[in-house]
Amino acid sequence: MFHCKLTVVSVNLGMWRKIMVFLLLWPVTSLSFAQQRCLLELKNGQDEAGLAQLATGRDAARYLKQAVDLLEPVLPPLRQAPAELPLSPQDPDYPTIKFLSERRLLPNNWQPDVLDVTVWQEMLGLLAAWYELEPLVVDRTELINGQLLLDLSELIDRFAMRAKPVVMIASDDKDRNDITFLAIIRNVTAYPRMIVLRPPEFETDLRRNFDPVLRYAETCALPLENYLYAPSSTAKRLFLTTSETRMVIARAEPPAPQDLQYVPKGKELDYLAFLDPAVADYQRYATFFVGPNVGITTIMRIIPQLRTNMNPAEIIAFVQMQ
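Residues numbered from 1 in each chain as written. Predicted model: local features only at pLDDT ≥ 70, side-chain atom pairs only at ≥ 80, totals over all residues. Heavy atoms only, no water.

For the rest of this paragraph, the subject is the overall build of the protein chain. A count of helical and extended segments in the protein chain gives twelve helices and eight strands. Looking at the 322 residues of the protein chain, the share that counts as buried comes to 48%. If you take every contact in the protein chain between residues at least 6 apart in sequence, the share linking residues at least 24 apart comes to 68%. (Helix = DSSP H or I, 4+ residues; strand = E, 2+ residues; numbered from the N terminus. Buried < 20%, exposed > 50% of the residue type's maximum accessible area, 1.4 Å probe, protein only. Contact = heavy atoms within 4.5 Å.)

For the rest of this paragraph, the subject is the packing of aromatic side chains. Counted according to the given criterion, the structure contains nine aromatic pairs. Ring geometry for phenylalanine 202 and tyrosine 216: centres 5.9 Å apart, planes at 80°, overall edge-to-face. Here phenylalanine 202, found in the loop between β3 (193–197) and α8 (211–217), pairs with tyrosine 216, found in helix α8; they are 14 residues apart in sequence, far enough to count as distant. Residue classification places phenylalanine 202 among the partly exposed residues on the basis of a relative accessible area of 37%. Judged by its relative accessible area of 36%, tyrosine 216 falls in the partly exposed class. Here phenylalanine 210 and tyrosine 229 contribute two aromatic rings whose centre-to-centre distance is 5.1 Å and whose plane-to-plane angle is 55°, an arrangement assigned as tilted. In this pair, phenylalanine 210 is assigned in the loop between β3 and α8 and tyrosine 229 in strand β4 (residues 226–231), connecting sequence segments 19 residues apart. The same class applies to phenylalanine 210 and to tyrosine 229, which are both buried. Ring pairing ties together the aromatic residues Trp130, Tyr131 and Phe159, which thus form one cluster. Positioned above the aromatic ring of phenylalanine 99, the side-chain terminus of lysine 65 is 4.5 Å from the ring centre. The side chain of arginine 103 reaches across the aromatic face of phenylalanine 99, ending 3.8 Å from its centre. (Phe/Tyr/Trp six-rings, centres within 6.5 Å; stacked < 30°, edge-to-face > 60°. Lys NZ or Arg CZ within 6 Å of the ring centre and 35° of its normal.)

With that settled, consider the pattern of salt bridges. Once their charged atoms are close, side chains differing in charge can pair, the charge on each being opposite to the other. Counted by the stated rule, this structure contains 18 salt bridges. For lysine 43, the salt bridge goes to glutamate 48, with nearest N and O atoms at 3.2 Å. Ionic pairing is found between arginine 103 and glutamate 102, a salt bridge with its closest N-O pair at 3.3 Å. In this pair, the class of arginine 103 matches that of glutamate 102, namely buried. Taken together, the shared-partner salt bridges in this structure form one network comprising Arg58, Asp59, Arg62, Asp91, Asp93 and Asp113. (Salt bridge = Lys/Arg side-chain N within 4 Å of Asp/Glu carboxyl O.)

The terminal C-alpha atoms of helix α4 (residues 57–71), which comprises 15 residues, lie 21 Å apart, in line with the 21 Å expected from a rise of 1.5 Å per residue. Most of α4 is tucked away, with eleven of its 15 residues classed as buried. Of the surrounding elements, those touching the buried residues of α4 are α2 (39–43), α3 (48–51), α5 (94–102), α6 (117–130), α7 (145–160) and β2 (179–186). (Expected span 1.5 Å × (residues − 1).)

Turning our attention to the nonpolar core. Counting residues in each nonpolar core, the largest one holds 67 residues, and the members touching the most others are Trp120, Leu127 and Ile169. For leucine 127, the contacting residues outside a window of four places in its chain are Leu64, Val68, Leu71, Leu105 and Leu155. Counting residues in hydrophobic clusters, the runner-up holds 33 residues, among them Ala183, Met194, Leu238 and Leu272. (Core = buried A, V, L, I, M, F, W, Y, C linked by side-chain atoms within 4.5 Å.)

Our focus in this paragraph is the confidence of the model for the protein chain. Scored by pLDDT, the protein chain comes out at a mean of 85, with 87% of its residues at no less than 70. Within the model, pLDDT remains below 50 along residues 26–34, and this stretch shows nine contacts once partners closer than five positions in the same chain are excluded. (pLDDT = per-residue confidence, 0-100.)

Read from one edge to the other, the open sheet built from eight strands follows the order β6-β5-β7-β3-β2-β1-β4-β8, with strand pairing classed as mixed. Each of the sheet's edge strands pairs with one partner strand only, and the pair in question is β6 (261–262) and β8 (307–308). With two bridges connecting them, β4 and β8 associate as antiparallel partners. When the sheet's bridge partners are listed, leucine 228 is paired in β8 with threonine 308. On the sheet, helix α9 (residues 232–239) packs against β1 (166–171), β2, β3, β4 and β7 (284–290) and is oriented at approximately 120° with respect to β4. (Pairing = 2+ DSSP bridges. Axes fitted to C-alpha atoms, helices over the stretch in contact; angles between N-to-C directions.)

What follows deals with the packing of α4 against α6. In a packed pair of helices, the relevant descriptors are the angle between the two axes and the axis-to-axis distance. Where α4 meets α6, the closest approach of the two axes is 11 Å, and the angle between their N-to-C directions is 10°. One finds that α4 runs roughly parallel with respect to α6. Judged by residue contacts, Ala60, Ala61, Leu64, Val68 and Leu71 of α4 engage Trp120, Met123, Leu127 and Trp130 from α6. Taken together, the residues of the contact of α4 with α6 sort by class into nine nonpolar, no polar and no charged. (Parallel < 35°, antiparallel > 145°, perpendicular 65-115°, else oblique. Nonpolar A, V, L, I, M, F, W, Y, C, P; charged D, E, K, R; others polar.)

Shown next, in the form of C-alpha cells:
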C-alpha cells in the first residue's frame with residue numbers, strides 16, 4: 001500500500017500578490033495576451049515587484065493619466081481645476097492630480113495613500129463615459145497595480161474598436177509626395193479637435209500606399225484606417241469654409257504658456273505645416289475651427305478631388321460632425 005504525506009506550505013500575503021500578478025501578466029508575450037492593448041505602454045518599464053504592490057490612490061492617478069495620454073493626445077482641459085486639490089502644489093504628484101481634475105476624472109473621495117475599490121470603479125467609469133462605453137465592473141476587494149493596468153488596457157481596447165478617427169494628409173499642390181501637413185481628426189472624444197502632427201521625415205510614395213503614414217501617426221490606443229488625402233489648397237477648404245472661420249490652437253506639446261491661441265488670418269497653412277515661428281517648438285498640437293460648418297454642396301464639390309477609403313456618405317457625416 002502506498003502512503004502519501006500531505007505537506008501544507010504557508011505562503012504569506014505578499015507572495016500571493018506576486019504570484020497573482022505573475023499569472024496575470026506572464027502571458028504578455030503569448031498569443032493569448034495579444035488582445036491586451038497598450039499594456040506595455042501602461043507598464044512604462046515598471047518591474048514586476050512594483051506591479052505586485054497594493055495600489056494606492058497615487059498609483060491609480062498616475063496610471064489613469066498615462067491611459068488618457070494614450071487615448072487623448074494633447075487633450076485640453078475640460079474645466080478649471082478647483083482652488084484646493086487633495087495634494088499641495090509642492091507634491092510631486094500634484095501635476096497629475098491637477099491634470100485629472102481639469103478633465104473631470106478625479107472623484108471627490110480620492111485619497112493619495114489608499115485606493116478604495118469604489119473610487120477606482122468611479123475613475124474607470126468617468127473615463128468610459130467619455131465614449132459612452134459600459135463601465136468596467138471591478139469585483140475585487142483588494143487592488144494591486146498590475147490589475148489596474150489590466151483594467152485600463154481593457155477599457156482602451158473597447159474604445160479602440162469604435163474610435164474611427166480620420167487622418168488628413170495634405171500634400172504640396174505641385175509635388176504630391178511632399179506632405180505639407182498631417183493631422184488626426186477626432187470626433188468620438190470628450191473634446192472634438194484636430195491633432196496636428198509634424199509630417200514624417202521619411203520618403204514615401206503616396207501614389208501607391210498610405211500605410212507608412214498611417215502607421216507613423218497611430219498609437220496603440222488609436223489605430224488608424226480611414227484617411228483623406230488632397231493637395232493643401234483643397235484640404236484647406238474642408239476647414240476654412242468662409243472668411244469668418246478662425247483656427248484656434250487649444251493645446252500644444254510641449255505645453256504653451258497659455259491655451260486657446262487664435263491663429264492670425266492667412267497664416268493657417270503655415271501653422272499646419274509648422275513653418276511659422278510660433279509653432280516651431282511644438283511636436284504636435286490640438287486645434288479646432290470656429291465658424292460656419294462646411295456645407296453639403298461644398299463637400300460634394302471637394303470629394304472628387306480627394307483620395308480616400310471612405311464613401312461620400314461617410315465623408316459628409318464625418319465633416320459635418322466637426
